[in-house]
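The residues making up each chain are set out below.
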Amino acid sequence: MTAAVEVAIRRRRRAVRLPALGASGWVALTAVALVVLAALFAPLLAPHDPDTGNLLAAYARPGAAHWLGTDATGRDIASRLIYGARTSLLGPAAIVALSLLIGVPLALVSAWRGGWVAFVITRMLDVLFAIPGLLIAILATAVFGAGLRAAVLALAVAYLPYTARIIVSAAERERRQEYVRALTVQGASALSISTRHVLRNIAPLIASQSTVAFAYALIDLASLSFLGLAVQPPEADWGVLASDRDAVLQGHSTQVVAASVLVIVTVLSLFVLGARLAGERPTVRGFLRRRGAR
């Protein structure tokens, strides 16, 4: 590799550093980190077994023994919320990982080969883009039965075009950079250039897109669990905990309110963090615009 090409590559890598998060970004990152830590260390943080109930303590009020009270079967609400962070985060993580696992290679192939290859990939993504993600998930649960696995696979397919189309655009811009042409002339393979240079330079965009996609996936999975189509009771999950209509009708809304607040705070924190990673200013209009595009 010549010195000129090495200098061009170093300059390009310096140009794509992650932007400063700012105050709102650090607050959002802290909130997300706390939720992740709660999920990882749930056995140490939860004061009670989330699945063990005591009918004699049903609907107990918040106190020293039960921080947020208990549900209809005497299970500790705080413990179930802490353990619920695990399934509430694991599902969206699987959706984003699967969509990236398929979307990134498709995007790189489309950007590098162009022509009829790019045309076929683009048309395939357009077909998936036209189908609402929740509709795909509902159809999948109707065919394969309700459960987290079917919902995750369906939403991963639904999120694929959103992930791939953005990465395709970024990879195509990167493909036109001078250092890519120089490496091609020097005999570097397409695989080497794509994985070692192009992919590395668009990594900040992928990180930003993945963070925002994680937020929307969390909403979609929580919605499906609320409807009884994803995580099933008595599993501790925020969507399941927020669907306890009987408790609300009987005047015990602590669990529903707490689970809903956790979903809202986590989603908004992820959106703010994703916007900051993209170098944008997080706004309500931006959140609704991105959400409406799905």
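Residues numbered from 1 in each chain as written. Predicted model: local features only at pLDDT ≥ 70, side-chain atom pairs only at ≥ 80, totals over all residues. Heavy atoms only, no water.

**Q** Got a minute to help me understand a nonpolar patch on the surface in this structure?
**A** On the surface, Leu34, Val36, Leu37, Leu40, Phe41, Leu44 and Leu45 cluster together to form a nonpolar patch covering roughly 690 Å² of accessible area. Counting residues per element, the ones that place at least two in the nonpolar patch are helix 2 (22-40) and helix 3 (42-45). A per-element tally of the nonpolar patch places helix 2 first, with four residues. Structurally, leucine 34 can be placed in helix 2. (Patch = residues over 30% accessible without salt bridge, like charges linked within 9 Å, V, L, I, M, F, W, Y side chains within 5 Å. Areas by Shrake-Rupley, 256 points an atom, 1.4 Å probe, with all protein chains shown as cover. Salt bridge = Lys/Arg side-chain N within 4 Å of Asp/Glu carboxyl O. Helix = DSSP H or I, 4+ residues; strand = E, 2+ residues; numbered from the N terminus.)

**Q** Explain unusual backbone geometry here, please?
**A** Note: most peptide bonds trans; most residues except glycine with negative phi. Geometrically, the link from proline 233 to proline 234 is a cis peptide bond, its omega value of 5° lying close to zero. Here proline 234 is to be found in the loop between helix 10 (203-226) and helix 11 (238-241). Its identity is not glycine, yet tyrosine 59 carries a phi of approximately 55°, on the positive side.

**Q** Help me out: how do you make sense of helix 6 (residues 133-144) in this one?
**A** The periodicity of an α-helix, 3.6 residues per turn, causes residues three or four positions apart to be oriented the same way. Its twelve residues give helix 6 an end-to-end C-alpha distance of 16 Å, which sits within 8% of 16 Å, the value for a rise of 1.5 Å per residue. For helix 6, every residue scored as buried is listed here: Gly133, Ile136, Ala137, Ala140 and Thr141. Within helix 6, the buried residues cover an arc of 130° as seen down the axis, which keeps them to one side. Residues of helix 6 that are exposed and point more than 90 degrees away from the buried face comprise Ala142 and Val143. Directly after helix 6, the chain includes glycine 145, whose backbone phi takes a positive value near 95°. (Expected span 1.5 Å × (residues − 1). Buried < 20%, exposed > 50% of the residue type's maximum accessible area, 1.4 Å probe, protein only. Arc of directions from axis to C-beta.)

**Q** Would you mind showing me how to read the pattern of salt bridges here?
**A** If charged atoms from side chains of opposite charge come close, those side chains can pair. Summed over all chains, the structure comprises four salt bridges. A salt bridge links arginine 123 to aspartate 126; the shortest N-O distance between them is 2.7 Å. Of the two residues, arginine 123 and aspartate 126 both sit in helix 5 (residues 115-129), three residues apart, roughly one turn of that helix. The network of salt bridges with shared partners includes Arg123, Asp126 and Arg165.

**Q** Whenever I open this one, empty space enclosed by the protein confuses me. Can you help?
**A** Unfilled space is identified by rolling a water-sized probe across the atoms. By the definition in use, this model includes two cavities of 30 Å³ or more. Counted as a void, the largest cavity has a volume near 50 Å³. In terms of lining, the largest cavity is formed by Thr87, Ser88, Leu148, Leu218, Leu221, Ala222, Ser225, Val231 and Asp237. Among the secondary structure elements, those contributing two or more residues to the lining of the largest cavity are helix 4 (77-113) and helix 10. Looking at side-chain class alone, the lining of the largest cavity contains five nonpolar, three polar and one charged residues. In this model, the second largest cavity occupies a volume close to 40 Å³. Lining the second largest cavity we find Leu108, Ala111, Trp112, Ala171, Arg175, Ser194 and Val198. Within the residue set of the lining of the second largest cavity, elements represented by two or more residues are helix 4, helix 7 (148-175) and helix 9 (190-201). Examining the composition of the lining of the second largest cavity, we find that three residues originate from one element, helix 4, more than from any other. Across the lining of the second largest cavity, the residue classes tally to five nonpolar, one polar and one charged. (1 Å grid on protein atoms, 1.4 Å probe; cavity = no way out; pocket = protein on both sides within 12 Å on 5 of 7 lines; lining within 4 Å. Points joined across faces, edges and corners; volume = space filled by probe spheres on them. Nonpolar A, V, L, I, M, F, W, Y, C, P; charged D, E, K, R; others polar.)

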